[in-house]
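Chain and residue survey
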Amino acid sequence: LYLYMEMREIVPLFPRSFVVLLYFNFMENQEYCLEIANTILSQIISVVGTMTFSSWGVSEKTATYHNDMPSLVMDVNGLLHKGKAIVSYDEGGDSYTVYLLDKDGNVTYEADNIFFDTLGTLLDDKIERCESWTDEEYYSRLKKEGVLLL
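Bear in mind the structure is a predicted one, so any value in this text is a computation, not a measurement.

Thoughts on the overall build of the chain
Secondary structure summary: the chain contains four helices and seven strands in total. Here the chain, with 150 residues, has 31% of them falling under the buried criterion. Within the chain, counting contacts between residues at least 6 apart in sequence, those at least 24 apart form 35% of the total.

Quick look at the structure:
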């Protein structure tokens, strides 16, 4: 990075080693975010299973920072929620914050202090199937949506 001075001379704004340090720090943050997102995904699937996870209609998964927290963003097309599901890792509390956003980007649900053992169940309850539904109720709703053909 250089700063152009009016005296028409180029003066280094930062020492080169500082620029390299910034680059490596950025790369470490990217790798850390990806590692956290993969951990979130594996914890969700380990609790609810691949069949339940598949029922959410996840079309895209992205590792990013949301509210300064490493996060997994999923585009979901569930029975109860269509839009984005964001799971952010709160390092201080060693817990997760869950946000559901509709297609317009409005937050429709937010919960914090969620631990990994309840994360998948909470997401399934908000995206695809209420825990209180019987199998018959669930299949009836799927049929109405045209998802289940019996």
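Describing the packing of aromatic side chains
For the structure on display, the rule yields four aromatic pairs. On the numbers, 5.8 Å between centres and 45° between planes, the contact of Tyr138 with Tyr139 is tilted.

A closer look at the sheet that holds strand β3 (residues 60–66)
Strand order in this open sheet of five strands is β3-β4-β5-β6-β7, and the pairing throughout is antiparallel. Taken across any chain shown, the strands that pair with only one partner, and hence form the sheet edges, are β3 and β7 (107–114). Strand after strand, the sheet turns through a mean of 20° between neighbouring axes, direction not considered. Taken together, the seven bridges between β3 and strand β4 (residues 69–77) define a ladder with antiparallel strand orientation. Within β4, the residue paired with Glu60 across the bridge is Asp75. Where helix α3 (residues 116–127) meets the sheet, its contacts fall on β4, β5 (82–90), β6 (95–101) and β7, and the angle it forms with β6 comes to roughly 10°.

Details of the nonpolar core
In this structure, Ile40, Ile44, Trp56, Met74, Val87, Leu119 and Leu123 are the most contacted members of the largest nonpolar core, which totals 23 residues. Within the residue set of this core, elements represented by two or more residues are α1 (16–48), β4, β5, β6, β7 and α3. Apart from residues lying up to four places away in sequence, Ile40 is in contact with Leu72, Val87, Tyr96 and Leu119. If you look at the next biggest cluster of nonpolar residues, it comprises five residues, including Met69, Val73, Tyr99 and Leu101.

Remarks on the pattern of salt bridges
In this structure the tally under the stated criterion is two salt bridges. The residue Lys84 makes a salt bridge to Asp75 at a minimum N-O spacing of 2.5 Å. By relative accessible area, which is 35% here, Lys84 ends up partly exposed. Taking the relative accessible area as the measure of exposure, Asp75 reaches 18% and is therefore buried.

A look at the pairing of β4
On a regular strand, each side chain points to the face opposite its neighbour's, so the side chains alternate between the two faces of the sheet. Counting buried positions over the nine residues of β4 gives eight, a clear majority of the element. Hairpin geometry of β3 and β4 is characterised by an intervening segment of two residues between the two adjacent antiparallel strands and by a positive phi of about 50° at Asn67. As paired strands, β4 and β5 are joined by seven bridges and run antiparallel to one another. Bridge pairing in β5 links Asp75 to Lys84. If you look at the hairpin formed by β4 and β5, you'll find four residues sitting between the two strands.

The rules we used
- Residues numbered from 1 in each chain as written.
- Predicted model: local features only at pLDDT ≥ 70, side-chain atom pairs only at ≥ 80, totals over all residues.
- Heavy atoms only, no water.
- Helix = DSSP H or I, 4+ residues; strand = E, 2+ residues; numbered from the N terminus.
- Buried < 20%, exposed > 50% of the residue type's maximum accessible area, 1.4 Å probe, protein only.
- Contact = heavy atoms within 4.5 Å.
- Phe/Tyr/Trp six-rings, centres within 6.5 Å; stacked < 30°, edge-to-face > 60°.
- Pairing = 2+ DSSP bridges.
- Axes fitted to C-alpha atoms, helices over the stretch in contact; angles between N-to-C directions.
- Core = buried A, V, L, I, M, F, W, Y, C linked by side-chain atoms within 4.5 Å.
- Salt bridge = Lys/Arg side-chain N within 4 Å of Asp/Glu carboxyl O.

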